[in-house]
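# A closer look at the structure
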Amino acid sequence: MASNMLYYGDNLEVLRKYIGTGTIDLCYIDPPFNSKRTYNQIYNDIGTEDRAQTQAFIDTWTWDDRAREGFQEILDNPQGRYTKQTIELVKGLSNALRTSNLFAYLISMTLRITEIQRVLKKTGSFYLHCDPTASHYLKLITDSIFVPNGGEFRNEVIWAYRLGGRPQKGWPRKHDAILYYTKTDTDDYTFNADAIRVPYESTGGYISSGRKIVNGKEYKVNPLGKVPEDWWFISALNRQSKERLGYPTQKPEALLERIIKASSNEGDMVLDAYCGCGTTIAVAQDQKRKWIGMDITYQSIALILKRIEDHFGKIVADNVKLDGIPRDMDSAHALANKKDDRVRKEFEKWAVLTYTTNRAVINQKKGADSGIDGVAYFRTNNTDNAKIILQVKSGGVGRGDIAKLRGDMQRETAAMAVFITLEPPTAPMVNEAKAAGLYHHD
């Protein structure tokens, strides 16, 4: 298993195919969950989805063939993969939740947390980041996987923050839950207390000669400070934050730094199976850990590669090993024709970002009147730039596609347009492109 690896694809398939049993020191995941929906909508499936949401397939789960197959697998229990407690719990949840989106989400998480427990070393730790709408269900599931296998639930860590709006009525929701498990129920697991100590508060006594005085009693204190309680106030990222990358669920590096410092050592292997914009990876790299990241969207993979290059340099980024990403025409065709619609739709993003070396902006909400898949810019002089629009079609292309792109180019006042396809262009397509004329750079 290689160090510093990015896998593009379904993390369940990657975990089962590529990650060996007992090879991971620390796993942190922040699985997508659409918190914008109210709890009643999640529980009762009331309301309609935002059809324009381009990443709905990772933000919500629907009861479909994939969910049915996952449920059936748990009941069949191939190779004794699932504990008796997990099977009975899932059966009970099916009676309560029926074929709801929430149950589909829980099935998805059951499959993946089972694999995460398998790949952890005996000394390994697992942190599951979740919001209050599902944390109670996820704790039941994770308990049923870890505890019967000799693991233990250690803490529910509360991450508190102040960012965001406030309701006119009710308590503002300003916290997430992070469930912390170890693969063992003994003390034989990694926890580096001295690496995460914080100053003692000045209230409740004073510190003198290495002792803390409280209500007339003396307590020995550590000169490095105290281990933080299981509630952490760490500021969320605001729009002015230097860390901010524009990723909607981006977590602050300080949060991951505390987890990684506490539950791993230099040279250990850190895994994030939903790596998103790569905060876990960036912190692991900074803290001299090895790491593995997985994501089902190529846009995330591209963002992580750019983040690594920007923060650590091109040499570090170039040494990251990639899997699941097309490197020749055969694998590009395979991606475009994937039966798994979640991945197949990513072909357009992969093509745009690869062609522009991750510099383009993906068009997230394509309307019926626009076939633009991405926009990139290039410098025209010291104070201005110009626009390039990009469109991707894997096949079935003709002159009309180029004519339409010419119209899009004029409408968007773009200097150039790029048409990316897996098929060789026909002569009429080439002639239509030539008819658009040449661009002269001053």
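Before reading further, recall that the structure is shown in the block above.
Before going into details, it helps to say that this report is about the structure given with it. (Residues numbered from 1 in each chain as written. Predicted model: local features only at pLDDT ≥ 70, side-chain atom pairs only at ≥ 80, totals over all residues. Heavy atoms only, no water.)

By volume, the second largest pocket amounts to about 410 Å³. Tyr8, Gly9, Glu13, Gly324 and Lys338 are, among the 20 residues lining the second largest pocket, the residues nearest its centre. Elements with a contribution of two residues or more to the lining of the second largest pocket: β1 (5-8), α1 (11-18), α12 (329-336) and α13 (341-344). The biggest single contributor to the lining of the second largest pocket is α1, with four residues. Class assignment for the residues of the lining of the second largest pocket results in nine nonpolar, three polar and eight charged. (1 Å grid on protein atoms, 1.4 Å probe; cavity = no way out; pocket = protein on both sides within 12 Å on 5 of 7 lines; lining within 4 Å. Points joined across faces, edges and corners; volume = space filled by probe spheres on them. Helix = DSSP H or I, 4+ residues; strand = E, 2+ residues; numbered from the N terminus. Nonpolar A, V, L, I, M, F, W, Y, C, P; charged D, E, K, R; others polar.)

This part covers unusual backbone geometry. A negative phi holds for most residues other than glycine; trans holds for most peptide bonds. One non-glycine residue, Gln79, adopts positive backbone phi at about 55°. Of note, Gln79 is situated in the loop between α4 (65-76) and α5 (84-97). Despite not being glycine, Thr357 has its phi angle at roughly 45°, a positive value. Take Thr357: it is sitting in the loop between α14 (346-355) and β13 (361-362).

Across soluble globular proteins, nonpolar side chains show a tendency to be buried alongside one another. Judged by nonpolar contacts, the single largest core of 51 residues is most densely connected at Leu6, Tyr298 and Trp350. It is helix α10 (residues 298-312) that provides the largest number of residues to this core, a total of six residues. Residues contacting Trp350, with those up to four places away along its chain left out, are Tyr298, Ile325, Pro326, Ala332 and Leu335. Residues Leu12, Val14, Ile141 and Ile292 belong to the second largest nonpolar core, which totals 50 residues. (Core = buried A, V, L, I, M, F, W, Y, C linked by side-chain atoms within 4.5 Å. Buried < 20%, exposed > 50% of the residue type's maximum accessible area, 1.4 Å probe, protein only. Contact = heavy atoms within 4.5 Å.)

Another point: the pairing of strand β5 (residues 175-182). Each regular strand displays side chains that alternate between the two surfaces of the sheet. Within β5, seven of the eight residues are buried, which leaves the element mostly enclosed by the surrounding structure. Sheet topology places strand β3 (residues 120-130) next to β5; six bridges connect them, and they run antiparallel. Bridge pairing in β5 places His129 opposite Ile178. Pairing of strand β4 (residues 152-160) with β5, which is carried by eight bridges, proceeds in the antiparallel orientation. Directly across from Trp159, in β5, lies its bridge partner Asp176. (Pairing = 2+ DSSP bridges.)

Another point: the sheet that holds β13. Across the sheet, four strands lie side by side as β13-β14-β15-β16; this open sheet has mixed pairing. In this open sheet, the two strands that pair with only one neighbour each are β13 and β16 (416-421). Here strand β15 (residues 385-393) pairs with β16 via six bridges, running parallel. Its bridge partner being in β16, Val392 is matched across the sheet by Ile420. The strands touched by α14 are β13, β14 (374-379), β15 and β16; relative to β15, the strand with the most contacts, the crossing angle is about 140°. (Axes fitted to C-alpha atoms, helices over the stretch in contact; angles between N-to-C directions.)

This part is about empty space enclosed by the protein. Tallying each qualifying case throughout the model produces two cavities of 30 Å³ or more. Its volume calculated, the second largest cavity comes out at about 30 Å³. Grouping the constituent residues of the lining of the second largest cavity by class yields two nonpolar, four polar and one charged.

Inspection of the secondary structure puts Ser264 in the loop between α8 (253-263) and β10 (269-272). Overall, Ser264 belongs to the buried group, its relative accessible area being 0%. For Ser264, the side chain forms a polar contact with the main-chain oxygen of Ile260, separated by 2.6 Å. When residues no more than four places from it in sequence are discounted, the contact partners of Ser264 are Leu26, Thr190, Asn192, Val270 and Arg289. (Polar contact = N/O pair within 3.5 Å; in protein donor to acceptor, adjacent residues only side chain to side chain.)

It is worth spelling out the state of the cysteines at this point. Going through the model one piece at a time under the given rule, you end up with zero disulfides. Of all cysteine sulfurs, the one in Cys277 lies closest to Cys275, which takes part in no disulfide; the gap is 9.0 Å. (Disulfide = S-S within 2.5 Å.)

Another aspect to go through is the pattern of salt bridges. Throughout the structure, instances matching the rule amount to 27 salt bridges. Here Lys121 and Asp25 are joined by a salt bridge, their closest N and O atoms 3.1 Å apart. Here the residue Lys121 occupies a position in strand β3, and Asp25 occupies one in strand β2 (residues 24-29), the gap between them amounting to 96 residues. The class for Lys121 is partly exposed, based on a relative accessible area of 29%. For Asp25, a relative accessible area of 8% puts it in the buried group. The residue Glu432 makes a salt bridge to Arg399 at a minimum N-O spacing of 2.9 Å. Here Glu432, found in helix α16 (residues 427-434), pairs with Arg399, found in helix α15 (residues 399-411); they are 33 residues apart in sequence, far enough to count as distant. Taking the relative accessible area as the measure of exposure, Glu432 reaches 14% and is therefore buried. Take Arg399: its relative accessible area is 42%, and that puts it in the partly exposed class. A cluster of three or more residues bridged by salt bridges with shared partners is formed by Arg16, Glu73, Arg81, Glu115 and Arg118. (Salt bridge = Lys/Arg side-chain N within 4 Å of Asp/Glu carboxyl O.)

It is worth spelling out the side chain of Asn11 at this point. With respect to the element layout, Asn11 can be found in helix α1. Exposure remark for Asn11: the relative accessible area of 6% places this residue in the buried category. Engagement of the side chain of Asn11 in a polar contact is seen with the backbone oxygen of Ala273, the distance being 2.9 Å. If we skip the residues at most four places from it in the chain, Asn11 touches Arg112, Ala273, Tyr274 and Met294.

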